[in-house]
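Spelled out, the chains give:
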Amino acid sequence: MSHLIHIELDRLEGSLLRILGLVERRGFNIDGAELYDLGEDKRGLSLTVRPRDLSRSLDILGLQIDRLYGIKRLASDPRGQAAPSPTEPKAKINA
Amino acid sequence: MSNQPTGAQLVISTLKALGVETLFGYPGGAIMPIYDALAGSGLKHILVRHEQGAAFAADAYARATGSVGVCMATSGPGATNLITGIANAYMDSVPVVCITGQVATHLMGTDGFQEVDILGICLPIVKHSWLVRDPADIPAILAEAFAIAAEGRPGPVLVDIPKDVAAAHVAVSSAASFPEWTPPAPDAGAIKAAEKLIEQAKHPLLYIGGGVEIGDASKEVRDLVARTGIPAVSTLKGIGTLPTTADLYLGMLGMHGTRAANIAVQDADLLIALGARFDDRATGKLNAFAPNAKIIHADIDPAEINKLRKADVAIVGDLKKTIAGLNPKMPAIQKWVEKCKADKWEHRFKYNAPGKGIYAPGLLKSLSEKAGDKFIAACDVGQHQMWVAQHCEFAHNRAHLTSGGSGAMGYGLPAGVGAKLAKPDHHVVTISGDGSFMMNIQEMATLNRYNIPLKIVLLDNSSLGLVRQWQELFYQENYSEIDLSDNPDFVEVAKAFGLSAFRITHRHEVEGALDKLLAAEGPTLLHVLIDPRENVWPLVPPGASNAEMMEERWDEPLDSY
């Protein structure tokens, strides 16, 4: 099952690599990624991720993302688009 | 010449403002402006002989003191030589700030001489990292780096500074401060829920991890044990939180844990995990770990909760307050406690090994007893590391310095350098094996240069003992690349570096040698020849449950080396 995660990044060197690396390292495939400007030295990133095996928890991944500095999980799409349900098939996700 | 400070001078003045007194490093081309500013600054810089030594020494300095360790290296190979040390600090949550020189900004991305993308390389093994583009940012970045390294769950932070940024003059003179971080208070409702579970338990057990030491909550754990009477086991990094001689301490759990500790975990109906992360070396086969137990999991890091084992009650926040806040009305657990104590007695380690050869566990136990309350062990990695964990007595935490999560051979000697500088009034002893010792043997030159009176016990079995043991037990005695019988004469090597050194080969020499070692004034190496066939017992086989421990067999003398 795929999941959509919305993230706000400080515009700092390495921040994009930091988040992408963490997601893959913690056992998730990245099936889609969309990077966009949020102004004020912030960028938005929406990632479609899929666990490589059943032992990988999206909740734990979220908490591991929260540990990063200059990177923040968002509850919904910061561009105001309706966020797809986490259970929606990947094909319907704008990624 | 400008009156404005350079970026490099800001590095040094900020380090001093942040309270740094000692740092470890090795100069080179791209970091020369910072070493130029370092000269005459009053900071105590320890020139190691390999950058990995700087990272490990800074790590041990941090572990021994609880403050942030600092290391420096130049760009390219200097920076990459830090990586094992950075990964080590990341895995064991040690606060270290690593400052690296980088090639000048106009050369970055051109494959310049000694250029490497150290920021990119280190992303998975640092808590945070910066590439400094503007020298005016240096005070604020360093202040934030120290704060991030130390706060919450600590870890390493990298600050990469290009040469031109370090050399540039800038109109900033004072160090920035960073607001002090206060750990979040635990949720009162979660503490109440935990108390309720404890009150319902018949077989409660404390599972003490390294987070207790990091959270400075050792006293609170001791008080909790005193007021509840709940027995305890610890992880490798939790050793010393309770005195290892404590009545209710059952020893280390896991792969090379004590049988009493592993039996207690398997029989427990409530496991109270304090700053522990359910590491595979502690749990063995995860789905067979503590099969009958409910779990209370207290940790500063919410990402550890439910990561490997679901918690029935999770308490996220300051461990000191969490543990101090636990005041359950204790149920009757005396039968359980008596059983734990009986198991501890029945399965206690014995030191009457047959033969006349030196029995390393006995030597290590005696060493720690002779060194007393001021004993600090800086361990390397291998069989000797497990023997230290099993057999040495520790009266307090921050005394058992060991590469836990990373298992980095070569840690012991530079860690001893860092720990002895941090705690000069303690009996700091590096305990190493012949494989590990060779990985950072050059740091004996550091001991000699600064006359650091570190003591070294080198347990030499002329092989990679732990690998050999696994090949013996799990690879049908197919011994592959573990023979180190062509080691150099370690006594002569140590003497060539300017250390005192001597060797023992028989058991009757042990006590006198340990007395001589601990009484020696300067850096001294004790070379101990042990039987290559000696194994670490007990042992949980890989992939097995902690209930399935293999035991020692003394069926032939171990003195035929």
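Whatever comes next refers back to the structure up there.
Residues numbered from 1 in each chain as written. Chains lettered and ligands numbered in written order. Predicted model: local features only at pLDDT ≥ 70, side-chain atom pairs only at ≥ 80, totals over all residues.

Asks: What exactly am I supposed to notice about the overall build of chain A here?
Replies: Looking only at helices and strands, chain A has two helices and four strands in total. For chain A, the α and β elements follow one another from N to C terminus as β-α-β-β-α-β. A total of 95 residues make up chain A; the buried ones form 20% of that total. Relative to all contacts within chain A whose residues are 6 or more apart in sequence, the contacts with residues 24 or more apart total 71%. (Helix = DSSP H or I, 4+ residues; strand = E, 2+ residues; numbered from the N terminus. Buried ≥ 20, exposed ≤ 12 C-beta atoms within 10 Å, placed from the backbone. Contact = placed C-beta atoms within 7 Å.)

Asks: Quick question: what am I supposed to make of the overall build of chain B here?
Replies: When helices and strands are tallied, chain B shows 23 helices and 18 strands. Here chain B has a C-alpha radius of gyration of 24 Å; the compact-globule value for 561 residues is 24 Å, and the two agree. Expressed along its principal axes, the backbone C-alpha trace of chain B runs to roughly 80 × 60 × 40 Å. Across the 561 residues of chain B, 57% fall into the buried class. Considering only residue pairs separated by 6 or more positions, chain B has 78% of its internal contacts joining residues 24 or more positions apart. (Rg over C-alpha atoms; globule rule 2.2 N^0.38 Å.)

Asks: Would you take a moment to explain helix 17 (residues 383–391) of chain B for this structure?
Replies: Owing to its 3.6 residues per turn, the α-helix aligns residues three or four sequence positions apart on the same side. Residue and element names in this part refer to chain B. For helix 17, the tally of buried residues reaches nine of nine residues, placing the bulk of the element in the interior. If you check which residues of helix 17 are buried, you get Gln-383, His-384, Gln-385, Met-386, Trp-387, Val-388, Ala-389, Gln-390 and His-391. Elements in contact with the buried residues of helix 17: strand 9 (249–252), helix 16 (360–371), strand 13 (375–379), strand 15 (427–433), strand 16 (455–460) and helix 21 (465–474).

Asks: How should the packing of helix 16 of chain B against helix 17 of chain B be read in this particular structure?
Replies: For any two helices packed against each other, one specifies the crossing angle of their axes together with the interaxial distance. Residues and elements named next belong to chain B. Viewed as axis vectors pointing N to C, helix 16 and helix 17 meet at an angle of 55°, and their least axial separation amounts to 9 Å. On the basis of their axis angle, the class for helix 16 and helix 17 is oblique. The crossing of helix 16 and helix 17 is right-handed. The residues of helix 17 that touch helix 16, namely those facing Ala-360, Pro-361, Leu-364 and Lys-365, are His-384, Trp-387, Val-388, Gln-390 and His-391. A breakdown of the residues in the contact of helix 16 with helix 17 according to their chemical character gives five nonpolar, three polar and one charged. (Axes fitted to C-alpha atoms, helices over the stretch in contact; angles between N-to-C directions. Parallel < 35°, antiparallel > 145°, perpendicular 65-115°, else oblique. Left-handed = near helix turned anticlockwise from the far one by under 90°. Nonpolar A, V, L, I, M, F, W, Y, C, P; charged D, E, K, R; others polar.)

Asks: Got a minute to help me understand the environment of Gln52(B) in this structure?
Replies: Residue and element names in this part refer to chain B. Its location among the elements puts Gln-52 in helix 3 (residues 51–65). According to the C-beta neighbour criterion, Gln-52 is buried, with 28 such atoms within 10 Å. Between the C-alpha atoms of Gln-52 and Pro-414, which are 362 residues apart in sequence, the distance is 8.4 Å. The contact partners of Gln-52, leaving out residues within four places of it in the chain, are Asn-81, Leu-82, Thr-84, Gly-85, Gly-410 and Asn-440.

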